[in-house]
Every structure is written in C-alpha cells, then in structure tokens.
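Given next are the chains, with one letter for each unit.
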Amino acid sequence: MRRARSSFVAWPAVALSAVLASACAPMQVHSYAPPEASVATYRSYGWAVGDLGSTGDPRLDSNRFFVERVQRAADAELRRRGYERASVGAPDLMLHIHARLSQRIEAAELDHITGTCRDDCRATVFDEGTLLIDVVDARTDALVWRGWAERTILERVVDDQASMNQVIDKAVTAIFGRLPARSL
Amino acid sequence: MRRLIPAIATTGAALLLASCATVTSSSHVDTGIDFAQYRSFDWGAPDVFPVGDPRLDHNSTFVDYLQGAVEKQLAARGLEHSTAERSDLLIHFHASIDQRIEIAATDARRGYCFEGNCENGVQEYEAGTLIVDVVDRKTDKLIWRGWAQRSVDGVLDDRARLVRMIDEGVVKMFAGFPTHIVRSK
C-alpha cells in the first residue's frame, strides 16, 4: 500500500520541489569577525577536541565520519589561504565545529493581494542544516572569525554517505571562501 | 523500498515520502578499513550510549530483542561473541525519540488544491531512531554506524509491534555492513 502511494506522490513532487527551490535558497553563507580581531595575522591552527554535542539529528551525534569530513575539507581550504595545521607545539588558533539540523515549516506561496495560490497551496516541511565553524585565539579563547552555511537538507542526504560528503565539501568551501587569506 | 526512493530523493518529495510508518535505514562506514581483520565482538559499556528515552529505559524486551537481532546479523558475517577483554569490536546502541511533523498531501494525484480546499493536514508524530555503533576496540574509533527510523506511535506499549520494529530495523541497517567479512568456518 505504501508503494502504491509513493508512486503517485512522485509527480506532484516536481511541483513541490520547484516551490522549495524558489522559496528556500540552496545555501546561504555568512561570516562574522569582531572588529578588533584580525584572523590574517595568525599562522597555525588546531582542531578543538571533544564532541559536537547534540546536533538535533541522532544520526550525526558523535559521528566521526561527519566531523572528519568537515576537518578534511577545511584543512584543504585553510592550506590554500596560507594557514598551517600545527603538528607540534601549541597552535595560534583553535577551530570548533558546530552542526545543527532542525525541522522547519514553510507556508505555501500565497498571493497576499488577491488571496489566491499560484502553484501549490500546500505548506511544506523540511529539515534545515547549519554548519558553523568558530576560529578562536588559542591563548585567550576570544573569537577571531566565524563562518556558517545554512541549507535545506533532505533526509536522504545524511542517509547517503557520499551525498553527505558532497554537501559538507560544498558548505566548507563556501564558508572558507569568506576567510581572509593569511597576510605574509 | 530503498530502490524506489533514489529516483525521487533529490526532489522535495523525499520529505513527504518519509511517511512516518515506514522504516527507513542506512549506515556510514569507514571505507579505509579492512573489515576482514575483525573476528569477534562484545557489547560496549551500556553507560556510554544509554537508551535515550525514558520509556525505553530498563525495558528488557527492547534491550534483549535488540541485542539478539544485532548478534544474529554479526554472526551471519562470521563474527563471534567474546568477552570485552579479547574482542576486536565493541558494539554500542542508542535509541532516541523526537517530535516530528508531517504534512499530508492535500491532493497527491493532482498536486494542487481547489478553491476553498487548501487546508493542510498537519500531523505530529514521534520519530524513533535506533542507532548501532561498531567500534574498533584497539583504536577506539567508530568504524560503522547503522540506523533505522520510523514513527513509534502505538509501538512502545505494544510488545509484538516493538519486537517487529526492532527486527525490521536491524535487518535493514545491516544491509549496509561490509559483506566481505563473511568467511567460511
């Protein structure tokens, strides 16, 4: 019975995804730096050890495959910008990863003037994922730079490891695209 | 079911299709590890990954059937149950229950609704997630994580349905466990 239902849900899905695509931007990237901080003056960095804490999705809690993929992608981006991952001694910067998945509801697009719906009058429910990376001064623990990406995450993205890796890589590249290169 | 989904998984429909009474499952794996090196397993300390919902705490039906179902899958892959001091792998499990919302399609066939008939069927349900972690005892690293999810409405107080849900979930998640570990005895 479930299979039968699935097959005819598939067609309106095209319309629904169009609504989702227009209403929710694929990925939004932001960054923040305190006015007194200058990340470009630092040289080496390390990853803060410890758990991500609760991500809002039990599949990602204490999930080393998720964390290590973020670190791997970030290492490549940081290297490109002139920062070095500390192998010995204390690093200048410590990086912290935060991740959050939460369910969101979006009302259907309604024309508020005429009170009519254009394509589809349904509300939609979806998961939104946020990946945030904090860069802090290792000595003072003060925030130096923060970047984050938000996007709609289909449930199947976490289920499929290759898709998850792809989404992580894109998000990390976009986040660190906003990080100033190290001043030499 | 898993074969039907990928074609439409890239659309927003996946959210609608995650109809709450169906078990969905998957796994993550360390692809850089040779699973054939492992021969034995044991259950990790229960306090490390306790059952995450008070309704399942101290529920011996849940724990017994879950452990039994997992042991059956591991045995089928040639892994033997041994004591923690000697085992190659440690198994942890975790169950959590979250409130989720599902919106029923108004008119699934047409994909639109008629004037005056645009109400949404908003349904709140409890989504249960069962996670099984397989850890390399020597390195203390997670090498495989499997999970199964479905609505637990009407399941927690129904022993027969709980057992069925555990069996189905464990079998489905272990479909993603490396198979080359299987060896002849």
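Look up: the structure comes first, before these words.
Let me begin by describing the structure that accompanies this report.

Conventions we followed
Residues numbered from 1 in each chain as written. Chains lettered and ligands numbered in written order. Predicted model: local features only at pLDDT ≥ 70, side-chain atom pairs only at ≥ 80, totals over all residues. Heavy atoms only, no water. Helix = DSSP H or I, 4+ residues; strand = E, 2+ residues; numbered from the N terminus. Buried < 20%, exposed > 50% of the residue type's maximum accessible area, 1.4 Å probe, protein only. Contact = heavy atoms within 4.5 Å. Areas by Shrake-Rupley, 256 points an atom, 1.4 Å probe, with all protein chains shown as cover. Core = buried A, V, L, I, M, F, W, Y, C linked by side-chain atoms within 4.5 Å. Expected span 1.5 Å × (residues − 1). Polar contact = N/O pair within 3.5 Å; in protein donor to acceptor, adjacent residues only side chain to side chain. Axes fitted to C-alpha atoms, helices over the stretch in contact; angles between N-to-C directions. Left-handed = near helix turned anticlockwise from the far one by under 90°. Nonpolar A, V, L, I, M, F, W, Y, C, P; charged D, E, K, R; others polar. Phe/Tyr/Trp six-rings, centres within 6.5 Å; stacked < 30°, edge-to-face > 60°. Lys, Arg positive; Asp, Glu negative; His and termini not counted. Salt bridge = Lys/Arg side-chain N within 4 Å of Asp/Glu carboxyl O. Pairing = 2+ DSSP bridges.

Here we come to the overall build of chain B. Helix and strand content of chain B: four helices and six strands. Going through the 185 residues of chain B one by one, you find that 52% of them count as buried. In chain B, once contacts between residues fewer than 6 apart in sequence are set aside, the share between residues at least 24 apart is 78%. On chain B, roughly 9,400 Å² of surface is accessible, and the fraction owed to carbon and sulfur atoms is 50%.

For the rest of this paragraph, the subject is the nonpolar core. Phe66, Leu93, Leu95 and Phe176 of chain A are the most contacted members of the largest nonpolar core, which totals 39 residues. Secondary structure elements with two or more residues in this core: β2 (44-47), α2 (64-80), β4 (93-106), β7 (124-137), β8 (143-153), α3 (155-159) and α4 (161-176) of chain A. Per element, the largest residue contribution to this core is seven residues, and it comes from α4 of chain A. Counting residues in hydrophobic clusters, the runner-up holds 34 residues, among them Phe35, Leu74, Leu79 and Trp144 of chain B.

Residues and elements named next belong to chain A. The end-to-end C-alpha separation of α2 is 24 Å, in line with the 24 Å expected for 17 residues at 1.5 Å each. Of all the 17 residues making up α2, twelve are buried; the element is thus mostly covered by neighbouring parts of the structure. Taken as a whole, α2 has its buried residues at Arg64, Phe65, Phe66, Val67, Arg69, Val70, Gln71, Ala73, Ala74, Asp75, Glu77 and Leu78. One side-chain oxygen at the N-terminal end of α2 lies 2.9 Å from the backbone nitrogen of Phe65; it belongs to Asn63.

Residues and elements named next belong to chain A. Contact geometry of α2 with α4 gives a least axis separation of 9 Å together with a crossing angle of 35 degrees. Along this stretch, α2 crosses α4, giving a crossing that reads as right-handed. Residue-level inspection shows Phe65, Phe66, Arg69, Val70, Ala73, Ala74, Glu77 and Leu78 of α2 in contact with α4, the latter providing Gln161, Met164, Asn165, Ile168, Asp169, Val172, Thr173 and Phe176. Residues of the contact of α2 with α4, tallied by class, amount to ten nonpolar, three polar and three charged.

Before going further, it helps to examine unusual backbone geometry. One non-glycine residue with positive phi stands out, namely Ser62 of chain A, at about 50 degrees. Residue classification places Ser62 of chain A among the partly exposed residues on the basis of a relative accessible area of 33%. Even without a glycine there, the phi angle at His58 of chain B is positive, about 55 degrees. A residue is classified by how much of its surface remains accessible, and His58 of chain B, at 84% relative accessible area, is exposed.

All names here are of chain A. With respect to the helices and strands, the residue Arg104 is situated in strand β4. The class of Arg104 is partly exposed, set by a relative accessible area of 40%. For the pair Arg104 and Thr124, spaced 20 residues apart in sequence, the C-alpha to C-alpha distance is 8.4 Å. When residues no more than four places from it in sequence are discounted, the contact partners of Arg104 are Thr124, Val125, Phe126 and Glu128. At 2.6 Å, the side chain of Arg104 forms a polar contact with the side chain of Glu128.

Residue and element names in this part refer to chain B. For the structure shown, the criterion picks out nine aromatic pairs over all chains. Their ring planes at 70 degrees and their centres at 6.3 Å tell us that Phe62 and Phe93 sit as a pair that is edge-to-face. Here Phe62 is found in helix α3 (residues 60-76), whereas its partner Phe93 is found in strand β4 (residues 89-104), with 31 residues between them in sequence. This pair shows no difference in class: Phe62 is buried, exactly as Phe93 is. An aromatic cluster of three or more residues is present, and its members are Phe35, Tyr38, Trp144, Phe174 and Phe177.

The next thing to look at is the side chain of Arg182 of chain A. Residue and element names in this part refer to chain A. Looking at the element boundaries, Arg182 is found in the segment after α4. Comment: no salt bridge for buried Arg182; closest opposite-charge side chain is Glu84, at 4.5 Å. At 2.8 Å, the side chain of Arg182 and the backbone oxygen of Gly82 are in polar contact. With residues up to four places along the chain from it excluded, the contact list for Arg182 reads Ala40, Tyr42, Arg43, Arg81, Gly82 and Tyr83.

Attention now moves to the sheet that holds strand β3 (residues 84-85) of chain A. Residue and element names in this part refer to chain A. Here six strands make up an open sheet; going across it, the order is β1-β8-β7-β4-β2-β3 and the pairing mixed. The strands lining the two open edges of the sheet, one partner per strand, are β1 (27-32) and β3. Across three bridges, β2 lies against β4 in parallel orientation. Across the sheet, Trp47 pairs through a bridge with Leu95, a residue of β4. Contacting β1, β4, β7 and β8, α4 crosses the sheet at an angle of about 140 degrees to β8.

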